[in-house]
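Coordinate inspection notes
Chain by chain, the residues:
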There are 2 protein chains.
Amino acid sequence: MMNIIGARLSPETRASNETRDIYLPNQTEQVSQIAIDIGGSLTKVVYYTSTPGIQGGKLHFTRFETDCLDNGIELVVRLLQESQKSTRPNLTPHVVATGGGAHMYYEKLKRAFPGIPIRKEDEMECLIIGLNFFIQQIPREVFSYSEATGMCFEETPKDLYPYMLVNIGSGVSILKVTGPGDYVRISGTSLGGGTLWGLLSLLTDAKSFDEMLEMSQHGDNRNVDLLVGDIYGSDYSKLGLKSSKIASSFGKVFRKGEKIEQKSFKSEDISRSLLYMISNNIGQIAYLNAQQHGLKRIYFGGGFIRGHPVTMNTLSYAINFWSQGNIRALFLRHEGYLGAAGAVRMTFHYPQ
Amino acid sequence: MMNIIGARLSPETRASNETRDIYLPNQTEQVSQIAIDIGGSLTKVVYYTSTPGIQGGKLHFTRFETDCLDNGIELVVRLLQESQKSTRPNLTPHVVATGGGAHMYYEKLKRAFPGIPIRKEDEMECLIIGLNFFIQQIPREVFSYSEATGMCFEETPKDLYPYMLVNIGSGVSILKVTGPGDYVRISGTSLGGGTLWGLLSLLTDAKSFDEMLEMSQHGDNRNVDLLVGDIYGSDYSKLGLKSSKIASSFGKVFRKGEKIEQKSFKSEDISRSLLYMISNNIGQIAYLNAQQHGLKRIYFGGGFIRGHPVTMNTLSYAINFWSQGNIRALFLRHEGYLGAAGAVRMTFHYPQ
């Protein structure tokens, strides 16, 4: 049983692009607990450690490519062993697995953790439980974002339900949440993180997610996107379309007859255009579903956002544009770890 | 004044991938009329010819890349001259221009047609007027499509309004039409034809739209798309997600560390995946808007579809899937010429 009363972010001690630990000051009982969320692209791990003599303990957050599952599992095994050193040796650790891979790789996990019970938990259920944990228990976790204002942290709302979760992993799942255990997957799209990384790995030399995002910071999408102004020579005022609006993503690329050399387009510009394309599209589909179901608050989770300012700004802008300011886009520091955090819930002790 | 009573498709005489002429049996008055619809990628031309001694005349449909506007204009000038030979020499021809380019290239058009009046018409208005002409006047023009049933031609509905037009050009415009002149652009997306052609020209060796579509016929998207079954190892029954459903478009492409060689993926497979991605997305956004506005019939127009079976099947499937069969996707033989046909409307004589 883990006690999360007073749970809070640890002071920032590590590189800022890493996910902050969460300090559990009132956790006294020794536990050995690891949760693993195996997604289509990324596997996320949340584990608990304590240091003898120091009160409480910490939840740690780490991830690796699902393609490197074997090495990842070795890592988890090491974590388990270290975790056990600092706890009672006779304490049996728990491994909780969720995400699609929890089913597909179950046998592999059993072989990797001989003699250790592995509990499978449903992906969507874990997402919601993890999200509610972060929203309700962790101060300065949830924020809205815009380029102009930066991060604005959000108090836990009195009336949390109903809300929408848009979980952006390799693909996108859109869930409507009406109560602690009440949710339904109302929609989704196959244009997600996997689409951005897949196309960028074909179109640029970037070797990692973060390299791709870094490149997009320096790009100008107007070199590849066809804008309203490129077609009309001005705003299309009658329809309220500004000349700066993207009419066609990648609409400037195709020229009949000429074989296009990729090098004739800069990787930075392509990255920016693709990032806008995917983020705008997710924002539009999220808005249309929120509209259909009368939801006013949209939480964005999943491994796609990675705290990337351009991504968050684009999602916020799309929601604000389509909803005319009536629907709010909200983000989380631990956006990628909702499922893994939810998977350790059984050991959470909620304050009454 | 053109008389469209009894207007019908000409017998198929030309290559089947060309757009069928429309025969106007009751058009007796000689006219010289050309309409030009200048879009972001394609320019569409509709013009009328008659043969002395033969009753009536024909509307012809042709198009060229907007990048080749100068050559295109030469073509139009030749058409004008031929058209005039067969008509009274003193007859002043009309040129009607629409589409975004009508504004941007207006001066160019005036120089190309010295002494000939060029009328500009609003793009969206022409789209609707052209669509209504095809729906209401041309038998065997409108059809629904599925791989299983093929083309099923549709009678002109008694209660035509309200309906939705999804016009897929370089980008996508979604219009709600509530009466002959009553329409509003309710939505759109930048993921349209220009996006498909642009990305395919970067990712494959295809040199033309039709070559790209041809390639996609022979491709298997499962080599690049991540399916539900690739993540879960089976259906995700609890959520009703079949293992064959695309979870992430291009989700199989990115592998950390390895630099992906494009040649490690077949152009055919990439084309199929991109075509599915764009068509599914348009179908989903069209459905969500139709739902929001209570529209039951969706007409798909624009230069993107080109009578391509996989494209029409994907759009139909998406609409049917999301609406659970409550909303119908409808297509037109002259899908790409709605705006150009609408631009010649001033000379149409509607039967009372």
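Please read all numbers here as calculations on a predicted model, not as lab measurements. (Residues numbered from 1 in each chain as written. Chains lettered and ligands numbered in written order. Predicted model: local features only at pLDDT ≥ 70, side-chain atom pairs only at ≥ 80, totals over all residues. Heavy atoms only, no water.)

1. Description of the packing of aromatic side chains
Residues and elements named next belong to chain A. All chains considered together, the criterion is met by 30 aromatic pairs over all chains. Taken together, a centroid distance of 6.0 Å and an interplanar angle of 70° make the contact between phenylalanine 143 and phenylalanine 153 edge-to-face. With phenylalanine 143 in strand 9 (residues 142–146) and phenylalanine 153 in strand 10 (residues 150–153), the pair connects residues that are ten residues apart, well separated along the chain. Centre to centre, the rings of tyrosine 287 and tryptophan 322 are 6.4 Å apart; their planes meet at 20°, and the pair counts as stacked. (Phe/Tyr/Trp six-rings, centres within 6.5 Å; stacked < 30°, edge-to-face > 60°. Helix = DSSP H or I, 4+ residues; strand = E, 2+ residues; numbered from the N terminus.)

2. What about the relation of the copies chain B and chain A?
Mapping chain B onto chain A leaves a residual RMSD of 0.0 Å; the transformation is a rotation of 180° accompanied by 0.0 Å of translation along its axis. Taken together, these values place the two copies in the relation of a two-fold axis. A share of 100% of the interface residues of chain B reappears at the interface of chain A, consistent with the copies meeting face to face through the same patch. (Least-squares fit on C-alpha atoms with pLDDT ≥ 70 in both. Contact = heavy atoms within 4.5 Å.)

3. Things to note about the domain arrangement of chain A
Residue and element names in this part refer to chain A. Along its sequence, chain A is carved into domain 1 (2–130 + 337–349) and domain 2 (193–224 + 265–332). Taking the mean C-alpha position of each, domain 1 and domain 2 sit 28 Å from one another. Both sides of the domain 1 and domain 2 interface together cover about 400 Å² of buried area, and 65% of this is carbon and sulfur. Area buried by domain 1 at its contact with domain 2 is led by Leu42, Arg63 and Leu338, which between them contribute 71% of it. Put simply, domain 1 and domain 2 have zero salt bridges between them. Linking domain 1 with domain 2 are zero residue pairs in polar contact (both at pLDDT 80 or more). Residues that form the side of domain 1 that touches domain 2 fall into these classes: two nonpolar, no polar and two charged. (Domains from an automatic or database assignment. Buried area = accessible area lost by both parts, 1.4 Å probe. Salt bridge = Lys/Arg side-chain N within 4 Å of Asp/Glu carboxyl O. Polar contact = N/O pair within 3.5 Å; in protein donor to acceptor, adjacent residues only side chain to side chain. Nonpolar A, V, L, I, M, F, W, Y, C, P; charged D, E, K, R; others polar.)

4. Considerations on the interface of chain B and chain A
One frequently used descriptor of interface size is the decrease in accessible area upon assembly of the parts. Listed as interface residues are 71 residues of chain B and, on the opposing side, 71 residues of chain A. Both faces considered, chain B and chain A share a buried interface measuring about 5700 Å² in area, 61% of it formed by carbon and sulfur atoms. Between chain B and chain A we count four salt bridges in total. B:Lys238 is the partner of A:Glu125 in a salt bridge, and the nearest nitrogen-oxygen pair spans 3.7 Å. Scanning the region where chain B abuts chain A turns up 19 residue pairs in polar contact (both at pLDDT 80 or more). Elements represented by at least two residues in the side of chain B that touches chain A include exactly helix 2 (101–104), helix 4 (123–137), strand 13 (182–189), helix 5 (193–203), helix 6 (209–217), helix 7 (228–232), strand 15 (246–248) and helix 8 (267–293) of chain B. Here the side of chain B that touches chain A takes ten residues from helix 8 of chain B, the largest share from any one element. Split into classes, the residues belonging to the side of chain B that touches chain A amount to 30 nonpolar, 28 polar and 13 charged.

5. Some thoughts on unusual backbone geometry
All names here are of chain A. Cis peptide bonds are those with omega within 30 degrees of zero, and the linkage from tyrosine 161 to proline 162 qualifies with -5°. Structurally, proline 162 is set in the loop between strand 10 and strand 11 (163–168). A positive phi angle, near 50°, is found at glutamine 324, a position not held by glycine. Here glutamine 324 lies in the loop between helix 9 (309–323) and strand 17 (328–332).

6. A look at the packing of helix 8 (residues 267–293) of chain A against helix 8 of chain B
Two elements in contact, helix 8 of chain A and helix 8 of chain B, have axes separated by 10 Å at closest approach and are oriented at 30°. Between helix 8 of chain A and helix 8 of chain B, the angle falls in the class roughly parallel. By crossing handedness, the relation of helix 8 of chain A to helix 8 of chain B is classed as left-handed. Facing A:Met277, A:Asn281, A:Gln284, A:Ile285, A:Tyr287, A:Leu288, A:Asn289, A:Gln291 and A:Gln292 of helix 8 of chain A, the residues of helix 8 of chain B in contact are B:Met277, B:Asn281, B:Gln284, B:Ile285, B:Tyr287, B:Leu288, B:Asn289, B:Gln291 and B:Gln292. The residue makeup of the contact of helix 8 of chain A with helix 8 of chain B, split by class, is eight nonpolar, ten polar and no charged. (Axes fitted to C-alpha atoms, helices over the stretch in contact; angles between N-to-C directions. Parallel < 35°, antiparallel > 145°, perpendicular 65-115°, else oblique. Left-handed = near helix turned anticlockwise from the far one by under 90°.)

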